[in-house]
Amino acid sequence: MVTANLSNLYIADRIWIATALLHLQQPARSDFTRDEVRSKLDEEGLAEGIERGSINVHLDQHCVANVPPSSGKYRMLYETTPGGNLRLFRPGDFTYATRHQKRKPSKTVPKREEIPQPYWHLLDWYESWSKDFHRPGLKPAYEDDPLIRLIGSGKHIWADEHADEYVENLRREDI
């Protein structure tokens, strides 16, 4: 737990720090429940002086890149399943269209000078962690999209005949 003046620390930055700590401490996990993030906020003392409702709205809307934004348009978290677990946003992740801002890009990580110095190592860790998933020249991973995961399923059904022939056989009435 870091003891520092947290009064000027944005809620979104606190949530990013808590989520980054979870990733760092549990590298085998790909995502975390909102309750786990809240517990990490409490454990680190990052929830001090913040109403639980404010934390909840940040975890549900303000910080999550792939949900429709309300007033906050951050892209610090990514929801792995609708209404489900969260992980840190990675470059290349789907972003809800209205979160894109032309003049000032939406925030994906805290600014170093805006968080306590004991957490700076998380920014360095995140830089290498996020690059491991999206190297230049590679397409983004879509492992979280259930429809994309269906690609190729069922191809065994018509493996020994042409697709047009298969459809024609389905349409025949004498079968």
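To keep things clear, this report deals only with the structure shown in the data block.

Check the secondary structure of the chain and you find 5 helices and 2 strands. Seen in sequence order, the chain has helices and strands lined up from the N terminus as α-α-α-β-β-α-α. Relative to its 175 residues, the chain shows a buried fraction of 39%. Sequence separation of at least 24 residues holds for 59% of the intrachain contacts in the chain that already meet a minimum separation of 6. Carbon and sulfur atoms make up 53% of the accessible area of the chain, which amounts to about 10,900 Å² in all.

Before going further, it helps to examine the environment of Ala12. Position of Ala12 among the secondary structure elements: in helix H1 (residues 11-25). The exposure class assigned to Ala12 is buried, which follows from its relative accessible area of 2%. Through-space distance from the C-alpha of Ala12 to that of Pro110 is 8.2 Å; in sequence the pair is 98 residues apart. When neighbours within four sequence positions are excluded, Ala12 is seen to be in contact with His58, Cys63, Tyr74 and Met76.

Our next topic: the nonpolar core. In this structure, Ile15, Trp16, Ile17, Val37, Leu41, Leu77 and Leu88 are the most contacted members of the largest nonpolar core, which totals 35 residues. Going through the elements one at a time, H1, helix H2 (34-44), helix H3 (52-62), strand S2 (86-88) and helix H4 (120-133) are the ones with two or more residues in this core. The biggest single contributor to this core is H1, with 9 residues.

A few words on the packing of aromatic side chains. Think of a pair of aromatic rings as described by two things: how far the centres are apart, and how the planes are tilted against each other in angle. Taken as a whole and assessed by the stated rule, the structure comprises 3 aromatic pairs. Seen in terms of ring centroids, Trp125 and Trp129 are 5.3 Å apart; in terms of plane orientation they differ by 25 degrees. Their pairing is stacked. Of the two residues, Trp125 and Trp129 both sit in helix H4, 4 residues apart, roughly one turn of that helix. Overall, Trp125 belongs to the buried group, its relative accessible area being 17%. Residue classification places Trp129 among the buried positions, given a relative accessible area of 13%. Both rings, one in Tyr126 and one in Trp129, keep their centres 5.9 Å apart while their planes meet at 40 degrees; by these two values the pair is tilted. Pair noted here: Tyr126 and Trp129 are both in helix H4, with a separation of 3 residues, about one helical turn.

Calculation rules
Residues numbered from 1 in each chain as written. Predicted model: local features only at pLDDT ≥ 70, side-chain atom pairs only at ≥ 80, totals over all residues. Heavy atoms only, no water. Helix = DSSP H or I, 4+ residues; strand = E, 2+ residues; numbered from the N terminus. Buried < 20%, exposed > 50% of the residue type's maximum accessible area, 1.4 Å probe, protein only. Contact = heavy atoms within 4.5 Å. Areas by Shrake-Rupley, 256 points an atom, 1.4 Å probe, with all protein chains shown as cover. Core = buried A, V, L, I, M, F, W, Y, C linked by side-chain atoms within 4.5 Å. Phe/Tyr/Trp six-rings, centres within 6.5 Å; stacked < 30°, edge-to-face > 60°.

These figures capture arrangement, not role.
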